[in-house]
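Single-letter residue listing:
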Amino acid sequence: HGFALIAQDDAVRGYQLPAADRGPNDLRLGDGTLADRASGGEWRLDGRAIAGGANLTPLPISEEYWFSWTQCHPMTQILHVPNNAGSGASPARSSP
């Protein structure tokens, strides 16, 4: 299983992703959605399923140092949703 942390406005949401053999470019953001090419799933940013299966399982989020988080979860990807995501703007994406 993998994890997704989604930063939107001033909040961060974390989700456990379905089991899949995913590569670093398999997750992508659309206009208010998160899609996973590896599992075929697509979800709203609140974790509700649109296609390909069940809702995402939310993860508890707490303040954490990035270096500490990546030691325990080395495959984590960060997807950042800009404040104007509803305008069709392309989301920024970074990986550790």
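For the structure itself, consult the block above.
Just so we're clear, the structure is a prediction, and the values are computed from it rather than from any experiment.

*Asks:* Looking at this structure, I do not really get the overall build of the protein. What am I missing?
*Replies:* Regarding its fold elements, the protein presents one helix and nine strands. Reading the helices (α) and strands (β) of the protein from amino to carboxyl end gives β-β-β-β-β-β-β-α-β-β. Split into buried and exposed, the 96 residues of the protein put 31% on the buried side. For the protein, long-range pairs separated by at least 24 residues make up 40% of all intrachain contacts whose partners lie at least 6 apart in sequence.

*Asks:* Hey, could you run me through the pairing of strand β1 (residues 3-8) in this one?
*Replies:* Regular strands place side chains that alternate from one sheet face to the opposite one. Alignment of β1 against strand β2 (residues 11-16), held across six bridges, turns out to be antiparallel. The partner of Phe3 across the bridge, within β2, is Gln16.

*Asks:* Sorry, what's going on with the nonpolar core here?
*Replies:* One recurring pattern in soluble globular proteins: nonpolar side chains tend to sit buried together. Core analysis: the largest hydrophobic core is formed by ten residues, namely Ala4, Ile6, Tyr15, Leu17, Leu27, Leu29, Leu34, Trp43, Leu45 and Leu56. Secondary structure elements with two or more residues in this core: β1 and β3 (27-29).

*Asks:* Explain the pairing of strand β4 (residues 33-36) to me, please; I cannot follow it from the model alone.
*Replies:* Side-chain alternation along β4 places Thr33 and Ala35 on one buried face and Leu34 and Asp36 on a second face that is also buried. Alignment of β3 against β4, held across three bridges, turns out to be antiparallel. Each bridged residue has a counterpart across the sheet, and for Leu27 the counterpart in β4 is Asp36. Connecting β3 to the antiparallel partner β4 that follows it, the hairpin turn spans three residues, and Gly32 within it adopts a positive phi of roughly 85 degrees. One ladder, built from four bridges, connects β4 with strand β5 (residues 41-44); its direction is antiparallel. Looking across to β5, one finds that Asp36 is bridged to Gly41. Remark: four residues form the turn of the hairpin made by β4 and β5, two consecutive strands paired antiparallel; Gly40 in that turn has positive phi of roughly 80 degrees.

*Asks:* Could you clarify how one ought to interpret the sheet that holds β3 in this entry?
*Replies:* Sheets are built from strands paired through backbone hydrogen bonds, the pairs being either parallel or antiparallel. Pairing is antiparallel across the open sheet formed by four strands, whose spatial order is β3-β4-β5-β6. Two strands lie at the open edges of the sheet, namely β3 and β6 (49-51), each paired on one side alone. Averaged over neighbouring strand pairs, the angle between their axes works out to 25 degrees when direction is ignored.

Procedures and definitions
Residues numbered from 1 in each chain as written. Predicted model: local features only at pLDDT ≥ 70, side-chain atom pairs only at ≥ 80, totals over all residues. Heavy atoms only, no water. Helix = DSSP H or I, 4+ residues; strand = E, 2+ residues; numbered from the N terminus. Buried < 20%, exposed > 50% of the residue type's maximum accessible area, 1.4 Å probe, protein only. Contact = heavy atoms within 4.5 Å. Pairing = 2+ DSSP bridges. Core = buried A, V, L, I, M, F, W, Y, C linked by side-chain atoms within 4.5 Å. Axes fitted to C-alpha atoms, helices over the stretch in contact; angles between N-to-C directions.

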